[in-house]
Amino acid sequence: MKNWIISHLTKLRYMTGLVSIALMVISISFICIRGLNWGLDFTGGVVSEIQMNSQITSSEIEPLMDAGFKQDVIVIAADEPGRWILRYAVPAKGETYPAIIQVLDPLHAQVQVLNTSIVGPQVGAEMASQGGLALLVTMLCILGYLSYRFEWRLAAGALLALMHDVILAVGFFAMTQMEFNLTVLAAILAILGYSLNDSIVIADRIRELLIAKPKQDIEATNNEAIIATFSRTMVTSGTTLMTISSLWLLGGSSLHGFSIAMFIGVLTGTWSSISVGTLLPEFLGLKPEHYLPKPESKDP
């Protein structure tokens, strides 16, 4: 029975690896062809702060603002009750927006516009460059850690799994043209940490088995490592997805992008650590000899 499971698990890993490669190609194609729908954090926009009746909720404000401004207006609760921050795009040349007080008049909430400011595209471009730099630095730090922790073949598998997760998450936003803002970028960085943890658990188990069973085939070793860590992986991923789903449903529109990116990242992170993270070391020729202590040379 065990041999049957192991043999079929090998075929399943190969099949999921091919699916992962296909999804990566599709995601990269969407990113290159369609690009990302950059949010106001990166393109600039208008930020207005209003004060109104504290009993009014964001679910009452958003439909009126979206209809009045003919766009998706981001509504964020401020520190004080009844104070809200509205974020929307700068009107095009020759166009004007209606007064916020007029748009929210159906609420009968005594709306007061406290201040309005414009975030220029230069600030948005700076945020985009800083976000990209943060992502690059994170990847380099992870690469350095993996190189120190594992033999380079196992490290390459974990790194490819990380790239797989990020590419698929970003590709989804390129395909759907959902807004890509700072909260989504924060989710991408969180995905790196989650996927890295999952990949390290399986890679550690593979390393232990390579040392404990040096005569066993690498395919069987990888399958045994996956089986040994499968329950832990499913419990961790399941509880994380439950938390993210609650945040998605109850966190409001301002956290939708973050929740969706995290949801995709946890799914792909679980998938890639099992398939991508174990397949690449096999193709690169990972063997038990790479972790067994080298015999000391005797002096003549």
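Heads up: the structure comes first, above all this text.
Here goes a summary of the coordinates provided. (Residues numbered from 1 in each chain as written. Predicted model: local features only at pLDDT ≥ 70, side-chain atom pairs only at ≥ 80, totals over all residues. Heavy atoms only, no water.)

**A short note on the side chain of Ser-237**
Then step 1. With respect to the helices and strands, the residue Ser-237 is situated in helix 8 (residues 218–250).
Then step 2. For Ser-237, the side chain forms a polar contact with the side chain of Thr-270, separated by 2.6 Å.
Then step 3. Dropping the residues within four chain positions of it, Ser-237 is found in contact with Tyr-194, Val-266 and Thr-270. (Helix = DSSP H or I, 4+ residues; strand = E, 2+ residues; numbered from the N terminus. Polar contact = N/O pair within 3.5 Å; in protein donor to acceptor, adjacent residues only side chain to side chain. Contact = heavy atoms within 4.5 Å.)

**Quick word on the pattern of salt bridges**
Then step 1. Using the criterion set out here, one finds seven salt bridges in the structure.
Then step 2. Close ionic contact of Asp-204 with Arg-207 constitutes a salt bridge, the shortest N to O distance being 2.5 Å. With a gap of three residues between them, Asp-204 and Arg-207 both fall in helix 7 (residues 182–212), about one helical turn apart.
Then step 3. A relative accessible area of 15% means that Asp-204 is categorised as buried.
Then step 4. Between Glu-224 and Lys-213 there is a salt bridge; the shortest N-O distance is 2.8 Å. One end of the pair, Glu-224, is in helix 8; the other, Lys-213, is in the loop between helix 7 and helix 8, with eleven residues separating them in the sequence.
Then step 5. Among the charged side chains, a network of salt bridges with common partners joins Glu-49, Glu-80 and Arg-83. (Salt bridge = Lys/Arg side-chain N within 4 Å of Asp/Glu carboxyl O. Buried < 20%, exposed > 50% of the residue type's maximum accessible area, 1.4 Å probe, protein only.)

**Examining the packing of aromatic side chains**
Then step 1. With the rule as written, the count across this model stands at seven aromatic pairs.
Then step 2. On the numbers, 4.8 Å between centres and 65° between planes, the contact of Phe-69 with Tyr-88 is edge-to-face. Linking Phe-69 in helix 3 (residues 58–69) with Tyr-88 in strand 4 (residues 83–88), this pair joins segments that are 19 residues apart in sequence. Of the two residues, Phe-69 and Tyr-88, both sit in the buried class.
Then step 3. Between Phe-173 and Phe-180, the aromatic rings sit 6.1 Å apart at their centres with planes inclined by 90°, giving edge-to-face as the arrangement.
Then step 4. You can call Phe-180 buried: its relative accessible area is 6%.
Then step 5. The structure contains a cluster of three or more aromatic residues connected by ring pairs, namely Phe-69, Tyr-88 and Tyr-97. (Phe/Tyr/Trp six-rings, centres within 6.5 Å; stacked < 30°, edge-to-face > 60°.)

**So, the layout of surface pockets**
Then step 1. In this model, the second largest pocket occupies a volume close to 260 Å³.
Then step 2. Taken together, 16 residues line the second largest pocket, and the ones lying closest to its centre are Leu-135, Val-166, Val-170, Leu-185 and Ile-188.
Then step 3. The dominant element in the lining of the second largest pocket, judged by the number of residues it contributes, is helix 5 (residues 121–149), at five residues.
Then step 4. Across the lining of the second largest pocket, the residue classes tally to 14 nonpolar, two polar and no charged. (1 Å grid on protein atoms, 1.4 Å probe; cavity = no way out; pocket = protein on both sides within 12 Å on 5 of 7 lines; lining within 4 Å. Points joined across faces, edges and corners; volume = space filled by probe spheres on them. Nonpolar A, V, L, I, M, F, W, Y, C, P; charged D, E, K, R; others polar.)

**Quick word on the sheet that holds strand 2 (residues 45–51)**
Then step 1. Strand order across the open sheet formed by four strands is 3-4-2-5, with antiparallel pairing between neighbours. Each edge of the sheet is formed by a strand with only one pairing partner; in this case those strands are strand 3 (74–77) and strand 5 (112–119). Across the sheet, the mean angle separating the axes of adjacent strands is 20° when strand polarity is ignored.
Then step 2. Here strand 2 runs beside strand 4; their pairing, made up of six bridges, is antiparallel. Bridge assignment links Gln-51 to a residue of strand 4, and that residue is Arg-83. (Pairing = 2+ DSSP bridges. Axes fitted to C-alpha atoms, helices over the stretch in contact; angles between N-to-C directions.)

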